[in-house]
Amino acid sequence: DTIKTDTLVDASNMSVRYGSKGIELQTKDNKFLFQLQSRFQFRFATPGDADPVTYDDYLQGGHTGFKINRARLKVGGHAFEPWLKYYWEYELSQSNLLDFRIMIERYKWLNFKAGQWKAEFTRERFISSGEQQMMDRSLINRSFTLDRQQGVELYGELGKGIADFSYWAAAMTGTGRGNTKNDDNHLMYFGRLQWNFMGEPLEFEGGDLEHHEKPVAIVAASAVTNQSPYTRFSQAGGGSLEGFNADTAGRYRVNQWNLESALMYKGFSGQSEWHHKYIFDTLHGNALTEMEGYYAQAGYFFHGLIESFPRQLEIAARETVYRPNVDLRNNLQRETSLACNWFFKGHKNKLTAEVNYLSLQDPTVPMVGGYRFRIQWDISL
Amino acid sequence: DTIKTDTLVDASNMSVRYGSKGIELQTKDNKFLFQLQSRFQFRFATPGDADPVTYDDYLQGGHTGFKINRARLKVGGHAFEPWLKYYWEYELSQSNLLDFRIMIERYKWLNFKAGQWKAEFTRERFISSGEQQMMDRSLINRSFTLDRQQGVELYGELGKGIADFSYWAAAMTGTGRGNTKNDDNHLMYFGRLQWNFMGEPLEFEGGDLEHHEKPVAIVAASAVTNQSPYTRFSQAGGGSLEGFNADTAGRYRVNQWNLESALMYKGFSGQSEWHHKYIFDTLHGNALTEMEGYYAQAGYFFHGLIESFPRQLEIAARETVYRPNVDLRNNLQRETSLACNWFFKGHKNKLTAEVNYLSLQDPTVPMVGGYRFRIQWDISL
Amino acid sequence: DTIKTDTLVDASNMSVRYGSKGIELQTKDNKFLFQLQSRFQFRFATPGDADPVTYDDYLQGGHTGFKINRARLKVGGHAFEPWLKYYWEYELSQSNLLDFRIMIERYKWLNFKAGQWKAEFTRERFISSGEQQMMDRSLINRSFTLDRQQGVELYGELGKGIADFSYWAAAMTGTGRGNTKNDDNHLMYFGRLQWNFMGEPLEFEGGDLEHHEKPVAIVAASAVTNQSPYTRFSQAGGGSLEGFNADTAGRYRVNQWNLESALMYKGFSGQSEWHHKYIFDTLHGNALTEMEGYYAQAGYFFHGLIESFPRQLEIAARETVYRPNVDLRNNLQRETSLACNWFFKGHKNKLTAEVNYLSLQDPTVPMVGGYRFRIQWDISL
């Protein structure tokens, strides 16, 4: 890999623009496109930032803090042909490679993806952290998301009009971000079927910034099965929910399903998810733990109703309920959130303020709850 | 975050240049500017590179070595408006995100900065490692620098003529580079007032490469207070000075002040700092350790005096004294340094050779000292 | 390192192209060239990917897996002058800085390199992982490669016609990738002499994709001596071969030599290496372990013989033998491999399928062996 000074033709064969994905270099024949963008997210939180998970987390409280919450370098585009696309994303503050994938998108109805990416299992997780409606994902994301996985996937859009469907079907290692091998010979299998009953799919993006003149809506069902030592996934890779232990390869068989809906219309946007998760402990006679959770979320640009209301201001709210063990009574966690977004320049430069009320109910301890306030600036450069 | 092949307008809207910050892409309306540069620093040192800190360090000596001392990727520019600036810097060889900040620089007298950056507490630390006059910072930097911190800052320049002042006032987490939360609810507060008594501020840069025809000089006073487990800061984040222990959140209250001066005129440059640091151990009845240190440094392009002296050669010297504990007698560390810089292309491509004499005096051990020789190539690409 | 909005001249001084090294930005006077490319390598392997090293590795088998095997960001070019070249390469999935070097290539017969790079000790290691003929390096690479080292090197090409020679002579720290200091005061010294007896050197690249009309061939001899705690090197830095222990600085004196040949002609390519390695344990009276290994490899584009054979398909094979200890009888590891490459776009976009038979013979255990199948997609973007 020596670098030689290749004889370069003097003339440029690329145009250079600032576009929606940042710096964009594109060959004149459109065989090559290169896009580069960095994104910063600053956050102030009091009394703490992370969602409390246990009774002790509530009692101890957090630490008022200001931090760089996300620092991303994003590179994407296509190479050799317009339909041979690629994308990688690196978290600079943690030195983690997040996304890393190649997509063959030649036909609308049949596409192929290989690499590492966020499984399309839930709308809220798949929406980029830079394009969320609330400040961050809901309380139930921690327990139900598949987060990023490595594998291969077929996906596409079929039919039209009221019979318009999108589908995703993937085989993945099921060991989470950054793992270079599978723990056993059991893969993760994931599928999602989405009914675009208004005749077109809805983008994975928070808030109706485009002000859809015609309603766009979807309902979707997803399911996944996996055997691994892990009972949850996050940016850090595979991990364990409370009471589980990632000590033995292939210990847990985890089955999950999710019913989802989303709608956008004239500045209004709503979405919901309803999750079930079944964890079988193969070391203890397939002992079952069943968990359940849902959220419903809606936002509106009130400028549509009241002209004097600022055009750039959206107000949104979310209600989330999570039952870590459906076999226990009084086993409930709840999040109620209200957010205001000020869009200086769409999702590329926005300020979000959010207040949450979080509470925890558990048979063995008194009920606890408390408020949290956070403010965040997200900017893409 | 799917990548779509957005319909790109064929025409470029950016110009592409090689400039002082490396590759520069700028939109024609100057709303967006993107700059990218990498920097390499190679160093040979004998008998070792790091400043010896203890008596044992002197006895054991070091290991003659050649190394990649710094490998930086620097990205900066502005987005949306010329006054909305950003900058991030990544240390490639350590995989550390160093700088990460956004600046609103709309008015000369009032600017705002958020993110992570080198606190402007001392001139020698704030000057980039690629623009130093000596090979590296002085012996006292290790004990007195605040290094990089996360937070928010107001800064600007007020007045004019003999009443020209620059100021900086920041609230920071006080836990050093890379920490994503505060250890307690005590923040670091930092302020600096700089009197630009010749009517204009002096840049943070080593050596009078611009050959100022009119003298430019400043005096400045800085102060900081912080409560944290840490008694020193470095690129690695928070750490401990000898005899201190970062074991308990909020253990040490640390107060510091610094008096500073700097001057440039016709190829001559001089600068000095005088530091005091007060560490109170809150676990032991606020027991106080007081430390003190100063350095004075000067350099000159002798071509200004002797025409046959090479135009690209600067000779510089520094004297540094550090007392780790002012209550002990014979408690002194000293560094005397002589450096030659050959500027192939300003600070962007330069060779530095330096010889140091370092010594340590401590009441419990015999006095020790020794020479060190280092040679360094620093290049920005 | 503040970012100032330098007054940029409106006109571009750089041309922007997509070329053989990816995005290429070049000033019109050719004083500056900047190249950026990312590379992805996806691999599926069954029953496992890594070469088995011990008897137990054979018994336990591996885990069928799909993974991102390599994710590279490559930046290179020249600065200030066309002959002042630079190159750095970062492994995104491991967050490792791999290459980092500056080259002064002003004269054909005398060049200088400083930094960190793959020592030119063996042809198979020096060829980029993206330009290999087989799926990966042979069984003996693990034991004999010097991998990446930090240091300085002189190299060039002398003579002409049948007396054409290339040479490399380096002094390096001998502690492997990522080490910032030497363990002792013993450096690694490395030399390679290559006889280009057909009048020109052969590039470090797998497969005769250029279809050389005239045969090009080389023979080379390399030797190295090093004292360090390490008995092998890899991307992870210094490590230990089985039965050795990296516990004491400067413990092992390691001497190695390699005889190498390579040839390309009309779509055929062949290469071979023959290695000897002598490890002296200075803690045990310089007790000697001697190891030996060789491989021979050849590939051909059969389109040259049979017109109906696809032009983009190459078939290649390799035989490798390794004796970890020449003083033991029945101490042998063997790899026999057959690979097919389909070059969509040369080495920039290719698919490789490979089958291996690996076996291990050791005096204390029964002989074991087994097949492995791997498929890989390598793409540069």
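Residues numbered from 1 in each chain as written. Chains lettered and ligands numbered in written order. Predicted model: local features only at pLDDT ≥ 70, side-chain atom pairs only at ≥ 80, totals over all residues. Heavy atoms only, no water.

Listed as interface residues are 55 residues of chain A and, on the opposing side, 43 residues of chain B. Together, the buried faces of chain A and chain B total about 4100 Å²; carbon and sulfur atoms form 65% of this surface. Seen at the junction of chain A and chain B, the total is zero salt bridges. For the interface between chain A and chain B, the tally reads eight residue pairs in polar contact (both at pLDDT 80 or more). (Contact = heavy atoms within 4.5 Å. Buried area = accessible area lost by both parts, 1.4 Å probe. Salt bridge = Lys/Arg side-chain N within 4 Å of Asp/Glu carboxyl O. Polar contact = N/O pair within 3.5 Å; in protein donor to acceptor, adjacent residues only side chain to side chain.)

Let us look at the interface of chain C and chain A. Between chain C and chain A, the residue contacts involve 54 residues of the former and 43 residues of the latter. Roughly 4100 Å² is buried in total at the junction of chain C and chain A, and carbon and sulfur atoms are behind 65% of that figure. The interface formed by chain C and chain A includes zero salt bridges. Mapped onto the side of chain C that touches chain A, the elements with two or more residues apiece are β1 (14-19), β2 (22-27), β3 (33-46), β4 (65-78), β5 (84-91), β6 (96-107) and β20 (365-380) of chain C. Ranked by the residues each element gives to the side of chain C that touches chain A, the list is headed by β4(C), at nine residues. Class assignment for the residues of the side of chain C that touches chain A results in 22 nonpolar, 17 polar and 15 charged. (Helix = DSSP H or I, 4+ residues; strand = E, 2+ residues; numbered from the N terminus. Nonpolar A, V, L, I, M, F, W, Y, C, P; charged D, E, K, R; others polar.)

A few words now on the nonpolar core. Core analysis: the largest hydrophobic core is formed by 87 residues, its most contacted members being Leu25(A), Trp88(A), Leu25(B), Trp88(B), Leu25(C) and Trp88(C). Leave out the neighbours within four places in its chain, and Leu25(B) touches Val16(A), Ile23(A), Leu25(A), Met14(B), Ser15(B), Val16(B), Phe32(B), Leu33(B), Phe34(B) and Leu25(C). (Core = buried A, V, L, I, M, F, W, Y, C linked by side-chain atoms within 4.5 Å. Buried < 20%, exposed > 50% of the residue type's maximum accessible area, 1.4 Å probe, protein only.)

Between the two copies, chain A and chain B, the superposition gives an RMSD of 0.0 Å; the rotation angle is 120 degrees and the shift along the axis is 0.0 Å. Here the symmetry operator amounts to a three-fold rotation axis. When C-alpha positions in chain A are compared against the rotation axis, the closest is assigned to Ser95(A), at 3.7 Å. Comparing interface residues between copies, only 15% of those in chain A also sit at the interface in chain B, which points to a heterologous contact through distinct surfaces. (Least-squares fit on C-alpha atoms with pLDDT ≥ 70 in both.)

What follows concerns the pairing of strand β1 (residues 14-19) of chain A. Residue and element names in this part refer to chain A. Within β1, six of the six residues are buried, which leaves the element mostly enclosed by the surrounding structure. Of the two faces of β1, both are covered, the one formed by Met14, Val16 and Tyr18 as well as the one formed by Ser15, Arg17 and Gly19. Two elements, β1 and strand β2 (residues 22-27), share six bridges in a ladder whose sense is antiparallel. For Met14, the partnering residue across the bridge sits in β2 and is Thr27. Between β1 and β2, which pair antiparallel one after the other, the connecting turn spans two residues. (Pairing = 2+ DSSP bridges.)

Glancing now at the relation of the copies chain C and chain A. With an RMSD of 0.0 Å, the operation that places chain C on chain A is a rotation of 120 degrees combined with a shift of 0.0 Å along the axis. Counting the interface residues of chain C, we find that no more than 15% of their copies in chain A are interface residues as well, pointing to two distinct contact surfaces.

Let us now look at a nonpolar patch on the surface. A cluster of nonpolar residues, Phe44(C), Leu338(C), Trp342(C), Phe344(C), Leu351(C), Val355(C), Tyr357(C), Tyr371(C), Phe373(C) and Ile375(C), forms a patch on the protein surface that exposes about 870 Å² of accessible area. Along the chain, the position of Ile375(C) falls in strand β20. (Patch = residues over 30% accessible without salt bridge, like charges linked within 9 Å, V, L, I, M, F, W, Y side chains within 5 Å. Areas by Shrake-Rupley, 256 points an atom, 1.4 Å probe, with all protein chains shown as cover.)

This structure, assessed with the given rule, holds 69 aromatic pairs over all chains. Where Tyr86(A) meets Phe40(C), the ring centres are 6.3 Å apart and the plane angle is 90 degrees; that geometry is what we call edge-to-face. With one member in each of two chains, Tyr86(A) in strand β5 (residues 84-91) and Phe40(C) in strand β3 form a pair that bridges those chains. For the residue pair Tyr86(A) and Phe40(C), the accessibility class agrees, reading buried in each case. Among the aromatic residues, those joined into a ring-pair cluster are Phe40(A), Phe42(A), Phe66(A), Trp377(A), Tyr86(B) and Phe100(B). When the ring centre of Trp168(A) is taken as origin, the NZ or CZ atom of Arg192(A), which lies over that ring, is 5.3 Å away. (Phe/Tyr/Trp six-rings, centres within 6.5 Å; stacked < 30°, edge-to-face > 60°. Lys NZ or Arg CZ within 6 Å of the ring centre and 35° of its normal.)

Tracing the backbone through its elements, the reader meets Asn356(B) in strand β19 (residues 349-362). Side chain to side chain, Asn356(B) and Glu354(B) meet in a polar contact 2.9 Å long.

All right, on to the environment of Gly369(A) then. Position of Gly369(A) among the secondary structure elements: in strand β20 (residues 365-380). Excluding residues that lie within four positions of it along the chain, Gly369(A) makes contacts with Tyr58(A), Tyr357(A), Leu358(A) and Ser359(A).

As a further point, take unusual backbone geometry. Pro47(A) follows Thr46(A) through a cis peptide bond whose omega is 5 degrees. Inspection of the secondary structure puts Pro47(A) in the loop between β3 (33-46) and α1 (55-60). Positive phi, close to 55 degrees, is recorded for His211(A), a residue that is not glycine. Within the secondary structure, His211(A) sits in the loop between β10 (188-195) and β11 (216-228). One non-glycine residue, Ser95(C), lies in the positive phi region at around 55 degrees. Tracing the sequence through the fold places Ser95(C) in the loop between β5 and β6. Given a relative accessible area of 14%, Ser95(C) falls into the buried group.

Another point: the pairing of strand β18 (residues 332-343) of chain C. All names here are of chain C. The pairing of strand β17 (residues 313-323) with β18 spans 10 bridges and is classified as antiparallel. Residue pairing across strands places Thr320 opposite Glu335, the latter belonging to β18. In terms of strand pairing, β18 meets strand β19 (residues 349-362) through 12 bridges, oriented antiparallel. Looking at the pairing, Leu338 lines up with Val355 of β19. Taking the residues between adjacent antiparallel strands as the criterion, β18 and β19 are bridged by five residues, where Gly346 takes a positive phi near 55 degrees.

Under the criterion given, the structure shown has 80 salt bridges over all chains. Between Arg72(B) and Glu91(B) there is a salt bridge, with the nearest N and O atoms lying 2.5 Å from each other. Of this pair, Arg72(B) sits in strand β4 (residues 65-78) while Glu91(B) sits in strand β5 (residues 84-91), placing them 19 residues apart in sequence. Here the two residues Arg72(B) and Glu91(B) agree in accessibility, since each one is buried. With a shortest N-O distance of 3.1 Å, Glu354(B) and Arg374(B) are connected by a salt bridge. Of this pair, Glu354(B) sits in strand β19 while Arg374(B) sits in strand β20 (residues 365-380), and the two are 20 residues apart along the sequence. Both residues of the pair, Glu354(B) and Arg374(B), count as buried. A network of salt bridges, in which partner residues are shared, links Arg43(A), Asp49(A), Lys67(A), Arg70(A), Asp136(A), Glu354(A) and Arg374(A).

So far we have only geometry, and geometry alone does not tell us how the molecule works.
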